[in-house]
Each structure stands twice: as C-alpha cells, then as structure tokens.
Amino acid sequence: MNRYQLKAFLSVLIAFFGIQTRAESQENYSKPNVIVIMTDDQGYGDLSSHGNPILKTPNLDRLYSESIRLTNFHVSPFCTPTRAALMTGRYPGRTGAYRTSSGRTLLHTDEQTIANVFSQNGYKTAMVGKWHLGDNAPHRPQDRGFEEVVWHRCGGIGQASDYYGNDYFDDTYDRNGTYEKFEGYCTDVWFNETKRFITENKEKPFFLYLATNAPHGPYLVDSKWSDPYQEKATWKNGPQFYGMIANFDHNVGLLREELESQGLAENTILIFMTDNGTAAGGAFNGLDSEPKQGFNAGMRGKKSSVYEGGHRVPFFIHWPQGNLTGGRDVAALTAHIDVLPTLADLCNITVPETHHPDGLSFKNSLKNPEATATRDHLIVQFQGGAYFKAQPTAWDDSCILKGDWRLINGKELYNIKTDLAQTTDVSAENPKIVAELRTLYPPFWKSVSPRMTPVSIDIGNPTEKKVVLSSQDWYMASGNPPWNFGAIHKLPKVTGPWMVDVKKAGRYKIILRQFPAEANKIVNAVSAKIEIAGLVMESKVAAGSKGVVFEIALPKGKTQLTTYLYTEKGEVGGAYFTEVIEI
C-alpha cells in the first residue's frame, strides 16, 4: 500500500469510527436514566397529597402533581419480600427471600436482578441505602449486578449485622465492600451519595436504586423535623415518624433540583414508591384494624397485614421526555413484580427469556388511559405470617386481588369499591365470586412453594475473605432469631444453624462471639462447641476471652454451621456473631 492509499484508508477509518462514536454517543444519550426511590414503612396515607391532614410533604406533592400515579399498586406486606419482588420481577416465595430474618432474606443464586438486566444493556448501576437481601457473598448488592453501592447491613440501621454503634447519625456504612465513616443523618447521606453518583455519571445512562431506611424504626430524627408534629401526631412515635418523612421529602426536593441543574430531569425516569403499609402513621388495634388515631386513607390494615392498608402503596412515575407527566391517575391493578418488565419496556431493553418474570409490563396503561390492563389478578401472601409463628402454608395470610374484589385467606370476601375499609364480609352473598377467585390460588402455590427452600451463604468466596455471620440469619423452623441488640444484650439461650456453602476445601478459622469484634466485649461462657460438615469441635473458654477460636479443615460443599456457648449453669445459647476466615 503506497502512502496515498494509506492516507485514503486512514481517512475512511477515521470517518467510520467517528460515525460509530457519534452513533454510540447518540444511543447512550437517548436512553433514559432511571432512579427508583423506595422508602421503608411509609404507607399509602403517609403523604399530604393522599389526603393526610397532618403531615406536610410539599416536594412529594409536587411530584404527585407532575407524575402518572398508580392508585391500585400493590407490594408485599413486609420489607424483604417487596425488595425481592422489585429486584427480580418475581413472586418473593419463588426467589427464596420471603421473610425479614431467620435465614430467609436471601435470593436464590440463579435469580437475576433488575441491576443485572440494566448493566447488561449498557447502564451504569448503583444502589444506595437499605438492601436487606443478604449481608454476605454472594448476596450483597455488589454481588447482584450493582457496580457502585453505599449501604447499611441487616434490615435496619443499628440491627444485629449492621456496623456496631450505628445510630442514624455520623454512621459507618459499606462502600463497595469497605466500611467508611460518614457525616450526617442517614437519609441525608443516602441522598448526598445519590447526587454524587448522578453527577459523576451524567454522560452515560444510569440505573440507580435509592432505598431509604426511613421512616423505619427506631424513630430517630433531628427535632427540627419532628417538632411540628408534637401536638398533632399524638400517638406513639407519631411525631418522629412524620419527622422522618418530612426530612425525606426535603431531600426529594434537593434531588430534583440537582437533576434540573445537571440537565438530567427531562430524560430521567423518576419513581417514588414504598415497601409496605404504614408502620407508625397511626394508632391501630393490632395489625388488621383501621387506625384509632392518624390517617390510613380509609383503609384497614398496616404493615404485616394482608388487608388493603398493608400492601397498597403510592407509586409515582415521572419522565418528561417520555410524556409521563401531567398528574394523571391510573387505576389498573399493578404490583412490585411489574416494575422490572415495565422499566425494561420503557427503556427498550429485552429481558432474557431465562429470567421468567412473574411481572407484566404496564407501559400501555401509562401511555394510554383507555388501554386494557395487562394484569388480570394478583396474589399477595405473607409467607409464615406475622412473627413467623408457623411454616408457610397454602392459603394462610393470603389475599387474592381481582377487579374490586379481595379474597382474604380463601374465605373472607370484600368489595373495595363499596367497602374500602373492608368492614363487611360478603362471601355468603357471592359464592360464585369466591369460587372463581379460589381457582386462581392453587397454580400460584404449586409453582412458588417448591422454591421456598434454604439459601446458603458462601464460605471461601474470594470476594469476601472474612465472613461475619450474625444470628439474624440462623435458619429457624419458626419464630425469629435474635436480630437486634435489644434481644442480644439479654444473651438469649437459643441457637440455630447458618446455611453455608464452602466454596473451597481447606482450613478455616472460626471465631465465636456474643457481640461484634468492634464491641470489644468478653464472651460470657465457660465452654463452646461448633458443628459443621459432620464435624464437632469443643473448647474451654478462657477467662476474659473476647472470641473463642477454632481451626478446622472443611470439605467443599453445602452444609450447616451451628454454634454453642455454655454457661456455668449448663445453659446454652449460640454465638450471635461468628467469623469464618480461610487460613
């Protein structure tokens, strides 16, 4: 090739790559960004745009007035199941993560998340705040498709597996696998990290999941936020609960200002939703009543209830470039499992056939008020019920939703169009409706129940050299293990197994403690024992010991680890915190 041919060839090559670069740049630019914001324990009535006469939420009200609102949107009645459904587009029982503790907060490893779907399609992915789908490999957010993460462990700040001493203010959180000290109130930190991420990634499409722990208990917030409600929200924790929401609302306003200033507001899909019914937005008689005080938008039931107030939650979606604006209601039946396929549809992303979502895209309902709803019915079930009194059973703690009908536990029938508070059971007057709704449940149970099996935590995973296990993940037959320090400080005489998967055969150091290493506390026991992989080891506990150390050779494969700490009286409890380190 002579120099003239070479020059011509290079000119063509430069032009080609220039076109390609411009095309790729234009493709990335046209892809909408996605931000999904989900609060914890905020119910349908816990914002002023839904009629709350006490709480002031001006920024959520503005978003409400500018968004498409799903008025018949449903989640699970409790925390982890909703997060599992949102992440996978599949029923929680099917994913393996259908309780908030007792070893049932982990997704099966074959589950793919919304972060996997978006990252495989050119999106930068991030997760900020509360995860509650596993604290150890391979279940952490960074293991499940999120490239950048800043999060707290366990189901709430200050719970068992969270960094010891966290109390909502100036806490230590996990950034991409390393603990880091932050300044400020937890909700402020989450939003600051969100704004940092979008600023650093504004030149490329991104998917960001912001899940606040607020307004979940403990109800801690600066008094400047709670003081306005001291004389009005007079039930237990009412002022603090509303103050936490007011602080969240303030941060929503700041985030939207940041999106505007960065030129991202027009082509960002912004979603606001919550994870279950209200926890402290009123005073209730048990879980299933209407509030005696407070506001629940006319509904019966709160968090953990399968009545309407336990699982109907707000859902606002705003996307100016996609014409999802204007303050319009959509009454079609929709659910948490539908969010993944809907966002994929809006972003022109194909969900792999191997994903098998239970969810259905409601894009047509968003775009056209007259469109036929894609979802015919929905089944909500709180597997194992409140306080996990028994193993999940067919029909128990279930609600079948279709049209205006709600069938509770396969027996009670309510028409929410005429009886939103579900005060009158009309099953006797409508036997055909009951029979029709009952036919919808057996196929659901038959397909979901086989997947409600133990999910293991990895030992010897190269991405987590030291595994710190906490008692919240003991796999109990029923009931909740010690999952908070209120219980752990009492040194309860109970133990249970961790389901573990030894990824690499070899020697391991196992250290038993009653408190995290950071607490620097002495073990209150005289002897200790471990059982794992058919092996049993025992040891005396030296006076003043802060951790009982075993060294053991483990074969590769799935097994159980159970720990025992004995007192002088012969009483036995488990090591609520146990470290496993490959030697």
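The structure this text deals with has already been given above.
Quantities reported herein were computed from a predicted structural model and do not represent experimental measurements.

What counts and what doesn't
- Residues numbered from 1 in each chain as written.
- Predicted model: local features only at pLDDT ≥ 70, side-chain atom pairs only at ≥ 80, totals over all residues.
- Heavy atoms only, no water.
- Phe/Tyr/Trp six-rings, centres within 6.5 Å; stacked < 30°, edge-to-face > 60°.
- Helix = DSSP H or I, 4+ residues; strand = E, 2+ residues; numbered from the N terminus.
- Buried < 20%, exposed > 50% of the residue type's maximum accessible area, 1.4 Å probe, protein only.
- Lys NZ or Arg CZ within 6 Å of the ring centre and 35° of its normal.
- Pairing = 2+ DSSP bridges.
- Axes fitted to C-alpha atoms, helices over the stretch in contact; angles between N-to-C directions.
- Contact = heavy atoms within 4.5 Å.
- Disulfide = S-S within 2.5 Å.

A. Spatial organisation of the packing of aromatic side chains. All chains considered together, the criterion is met by 32 aromatic pairs. When the ring of Phe 169 is compared with that of Tyr 185, the centres are 5.1 Å apart and the planes differ by 40 degrees; the resulting orientation is tilted. With Phe 169 in the loop between β5 (148–152) and β6 (172–175) and Tyr 185 in the loop between β7 (178–181) and α6 (186–200), this residue pair connects regions lying 16 residues apart in the sequence. Given the relative accessible area of 34%, Phe 169 is considered partly exposed. One aromatic cluster is present, formed by Tyr 64, Phe 191, Phe 248, Phe 272 and Phe 316 through successive ring pairs. Just above the ring of Tyr 475 sits the side chain of Arg 104; from NZ or CZ to the centre is 3.7 Å. Looking at Arg 438, its charged tip hangs above the ring of Trp 395, at a distance of 4.2 Å from the centre.

B. Region of the structure containing the sheet that holds β7. Across the sheet, 10 strands lie side by side as β7-β6-β5-β4-β8-β1-β9-β12-β2-β13; this open sheet has mixed pairing. The open sheet has two edge strands with one neighbour each: β7 and β13 (328–330). Taken pair by pair, the neighbouring strands of this sheet meet at an average axis angle of 20 degrees, ignoring direction. Where β5 and β6 come together, two bridges link them in antiparallel fashion. Across the sheet, residue Val 150 finds its bridge partner in β6, namely Arg 175. Across the face of the sheet, helix α10 (residues 339–346) comes into contact with β1 (33–39), β8 (206–211), β9 (268–274) and β12 (315–318) while running at roughly 170 degrees to β9.

C. Summary view of the state of the cysteines. Within the structure shown, the criterion is met by zero disulfides. In this structure Cys 154 is a free cysteine whose sulfur lies 10 Å from that of Cys 79, the closest cysteine sulfur available. Looking at Cys 154, the relative accessible area reads 0%, which means it is buried. Not part of a disulfide, Cys 399 finds its nearest cysteine sulfur in Cys 79, a span of 20 Å.

D. Region of interest: the sheet that holds strand β16 (residues 398–402). Ordered by their spatial adjacency, four strands build an open sheet running β15-β16-β17-β18, and the pairing between neighbours is antiparallel. Because the sheet does not close on itself, it has two edges, and the strands there are β15 (378–381) and β18 (412–415). Each strand of the sheet is rotated relative to its neighbour by a mean of 20 degrees, with strand direction disregarded. Examined bridge by bridge, β15 and β16 share four bridges and lie antiparallel to one another. Residue pairing for β16: Ile 379 is matched across the bridge by Ile 400. Packing against the sheet, helix α12 (residues 431–438) makes contact with β16, β17 (405–408) and β18, and its axis sits at approximately 70 degrees to β17. Across the sheet, helix α13 (residues 441–448) touches β15 and β16, and the angle it forms with β15 is around 60 degrees.

By themselves, these observations are geometric and do not establish any function.
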